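# What the coordinates show
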Amino acid sequence: MKRAVFNAASAVLLVLAFVPGLALAKDKKIVLGFSQVGAESEWRTANTQSIKDAAATEGITLKFSDAQQRQENQIKAIRSFIAQRVDVIAFSPVVETGWEPVLREAKAARIPVILSDRAVDVKDDSLWVSFMGSDFVEEGRRAAKWLIDYPPVKELAAKGDVNIVELQGTVGSAPAIDRKQGFEEVLKNAPKFKIIRSQTGDFTRAKGKEVMEAFLKAEGKKINVLYAHNDDMAIGAIQAIEEAGLRPGKDVVIVSIDAVKGAFEAMIAGKLNCTVECSPLLGPQLMSAVKDVVAGKPVPKRIVTEEGVFPQEVAAKEFPHRKY
Ligand code: GZL
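Residues numbered from 1 in each chain as written. Predicted model: local features only at pLDDT ≥ 70, side-chain atom pairs only at ≥ 80, totals over all residues. Heavy atoms only, no water.

Here the focus is the packing of helix α5 (residues 136–149) against helix α7 (residues 174–187). As a packed pair, α5 and α7 sit with axes 6 Å apart at the nearest point and diverge in direction by 40°. Overall, the two elements α5 and α7 adopt an arrangement that is oblique. Crossing of α5 against α7: the hand is right-handed. The residues of α7 that touch α5, namely those facing F136, V137, E139, G140, R141, A143, A144, K145, L147 and I148, are A174, P175, D178, R179, Q181, G182, F183, E185, V186 and L187. Partitioning the contact of α5 with α7 into residue classes produces 11 nonpolar, three polar and six charged. (Axes fitted to C-alpha atoms, helices over the stretch in contact; angles between N-to-C directions. Helix = DSSP H or I, 4+ residues; strand = E, 2+ residues; numbered from the N terminus. Parallel < 35°, antiparallel > 145°, perpendicular 65-115°, else oblique. Left-handed = near helix turned anticlockwise from the far one by under 90°. Contact = heavy atoms within 4.5 Å. Nonpolar A, V, L, I, M, F, W, Y, C, P; charged D, E, K, R; others polar.)

Spelled out as structure tokens, the structure:
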């Protein structure tokens, strides 16, 4: 009798081993392979910390790779996760395109893929299970709406054109494409607002400063506004504006995106006028989705993070409550 029971139990276990989602025995820890963009900004650092903290809290084994903002490094990391037979792969794609081949390899290996923070542009959306992150187009709209309604800028528009220079994020990345789209969508109804220069600062402080120096050399005091796709580039640009003898936040009104601590410090110092929130604290949501995927539960195809807008006048009050 005992032998029959033992054989039946081992047969059940054998079947479970081939049914994804049920394959994990109770005590086996989930293994997540995560390919991160890099460490280019305060936002990214906070995002990485959120992911690592949440994995530890949930008892998920995290295999983490930093791609130093290079797509080929992310593709290599994903291939390595496939070879290691991780349970789930998640990544923040540095750019939108060029992912089909490696995502097809993950699908063929029956390893689910979750997109965190940024989206991919692929025809077959069965190549990824869920995309969690901000609505970057809406962030661009919010930046433009705040700018158009900002009283000192309204006064400028009453007298003539408002000349804007734009520091774009990483070329080809979802946030750079979408933040530009959202900002320009609102500006369509504000003809006095003109983007006179636009160039990538690759989301970094150093490049943001370098490109702003070039803008100032070319346009000088003609520049009324800087729109930066992230706070790090805005903070770099603030240095360039001061070195050019101008007052950031006054001679050049500055609106940027992320709402990292550095932006609140710049607003409190009167050097930045508004930051649109883009939360990097995606770790808990990601781990919850990972556990659901492994358990064979349904996961929403799109999970949007809720965010706000922080103008200079609320910075001092809000700053103590900021988590990143
Ligand atoms: C947005 C994220 C962007 C941040 C930048 O979700 O992908 O990348 O806005 C970061 O600070 O570098």
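Once the structure has been displayed, the description carries forward.
Attention shifts here to the side chain of T48. Note that T48 resides in helix α2 (residues 42–58). Looking at T48, the relative accessible area reads 12%, which means it is buried. Here Q36 takes part through its side chain, which lies 3.0 Å from a polar atom of the side chain of T48. Apart from residues lying up to four places away in sequence, T48 is in contact with Q36 and F64. (Buried < 20%, exposed > 50% of the residue type's maximum accessible area, 1.4 Å probe, protein only. Polar contact = N/O pair within 3.5 Å; in protein donor to acceptor, adjacent residues only side chain to side chain.)

Moving on, we come to the domain arrangement of the protein. For the protein, the assigned domains read domain 1 (28–133 + 280–305) and domain 2 (136–278). One C-alpha centre belongs to domain 1, the other to domain 2, and the line joining them spans 30 Å. On the side of domain 2, 21 residues touch domain 1, which itself brings 12 residues to the contact. Across the domain 1 to domain 2 interface the summed buried area is about 1100 Å²; carbon plus sulfur atoms make up 51%. (Domains from an automatic or database assignment. Buried area = accessible area lost by both parts, 1.4 Å probe.)

Below, the discussion takes up the confidence of the model for the protein. Per-residue confidence for the protein gives a mean pLDDT of 94; residues scoring 70 or more make up 92%. Per-element mean pLDDT across the protein ranges from 53 in helix α1 (residues 2–17) up to 99 in strand β8 (residues 225–228). Here residues 15–22 is modelled with pLDDT under 50, and outside its nearest four sequence neighbours on either side it reaches eight contacts, counting other chains as well. (pLDDT = per-residue confidence, 0-100.)

The next thing to look at is the packing of aromatic side chains. Tallying each qualifying case throughout the model produces six aromatic pairs. Aromatic pair F34 and F64: ring centres 6.0 Å apart, planes at 10°, arrangement stacked. Residue F34 is found in strand β1 (residues 31–36), and its partner F64 is found in strand β2 (residues 61–66); the two are separated by 30 residues along the sequence. The exposure class of F64 is partly exposed, given its relative accessible area of 28%. Between the NZ or CZ atom of K301 and the centre of the ring of W128, over which it lies, the distance is 4.2 Å. In this arrangement the basic side chain of R322 is found over the ring face of F310, its NZ or CZ atom lying 4.7 Å from the centre. (Phe/Tyr/Trp six-rings, centres within 6.5 Å; stacked < 30°, edge-to-face > 60°. Lys NZ or Arg CZ within 6 Å of the ring centre and 35° of its normal.)

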